[in-house]
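Summary of structural features
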Amino acid sequence: MMYVRKKRRMMAEINVVPYIDVMLVLLVIFMVTTPLITQGVKVELPKSAAEPIAQMTEGKTPLVATVDSDGLYYFEKDGNQQGPFTAAELQVEVASWLTIEPGTQVIVKGDKAVSYEAVIRLINVLKNAGAPAVGLMTDNEV
């Protein structure tokens, strides 16, 4: 009796398990490092029971102008913060953004240790830059 040997076919499957492992490791790395990348100016906002601005809830991101406790000005749009600026430099920055996106809401973020005069000066700079309306950012009352 003679045994007939069957020919084995080549298997053309790719083992994707190692690729899934690498993808999950990268996902964990990005989830851990993303909060560390966020930059900003430490500002203690005054407390208020104000309602959110309607335009912010419509998906259009506002321009945020910040004055910190040292009286320095910063500017933030779409999560990109720039600064510190002088009042004249901030006015030029805001004016250039408002020519690109007219009608954008402008919000003032002032440290609670900053004098009222510094916040009013910032509002005047923003108005001179062509801001249609200026809002004030606060923290929620607890």
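Read on for a plain summary of the structure. In every chain, residue numbers begin from 1 and rise along the written sequence. Per-residue local features are limited, in this predicted model, to residues with pLDDT of at least 70; the limit for side-chain atom pairs, both in listing and counting, is 80 or more; totals at the level of whole chains, interfaces and linings are taken over all residues. Side-chain numbers here rest on the full set of heavy atoms in the structure, without hydrogens or water.

Observations concerning the environment of valine 125
In plain terms, the rule: A run of DSSP states H or I qualifies as a helix once it reaches four residues; a run of E qualifies as a strand once it reaches two. Both are numbered from the N-terminal end. Note on exposure labels: buried denotes an accessible area under 20% of the residue type's maximum, exposed denotes more than 50%, and partly exposed covers the range between, all computed with a 1.4 Å probe on protein chains only.
For valine 125, the location among the structural elements is in helix α4 (residues 116-128). Residue class for valine 125 comes out buried when judged on its relative accessible area of 8%. Once the C-alpha coordinates of valine 125 and alanine 88 are considered, the two residues, 37 residues apart in sequence, prove to be 7.7 Å apart.

Here's the deal with the pattern of salt bridges
Selection rule: Here, a salt bridge means any side-chain nitrogen of Lys or Arg that lies within 4 Å of a carboxyl oxygen of Asp or Glu.
Applying the stated criterion across every chain yields a total of one salt bridge. Across the pair glutamate 117 and arginine 121 runs a salt bridge whose closest N-O atoms are separated by 3.1 Å. Here glutamate 117 and its partner arginine 121 are both found in helix α4, four residues apart, which amounts to about one turn of the helix. Exposure remark for arginine 121: the relative accessible area of 41% places this residue in the partly exposed category.

Focus on helix α3 (residues 87-100)
Basically, it comes down to this: Between the first and last residue of a helix there are one fewer steps than residues, each counted as 1.5 Å, and that sum is the expected span. The arc in question is the one spanned by the directions pointing from the helix axis to the C-beta atoms. Whether two residues are in contact is decided by their heavy atoms: any pair within 4.5 Å suffices.
Between its first and last C-alpha, α3 extends 20 Å over 14 residues, near the 20 Å set by a 1.5 Å rise per residue. Among the residues making up α3, those that are buried are Leu90, Val94 and Leu98. All buried residues of α3 project into a common sector of 65° when viewed along the axis, lining one side. Projecting away from the buried face of α3 at angles above 90 degrees are the exposed residues Ala88, Val92, Thr99 and Ile100. At its buried positions, α3 is contacted by β2 (63-67), β3 (73-77), β4 (80-85), β5 (106-110) and α4.

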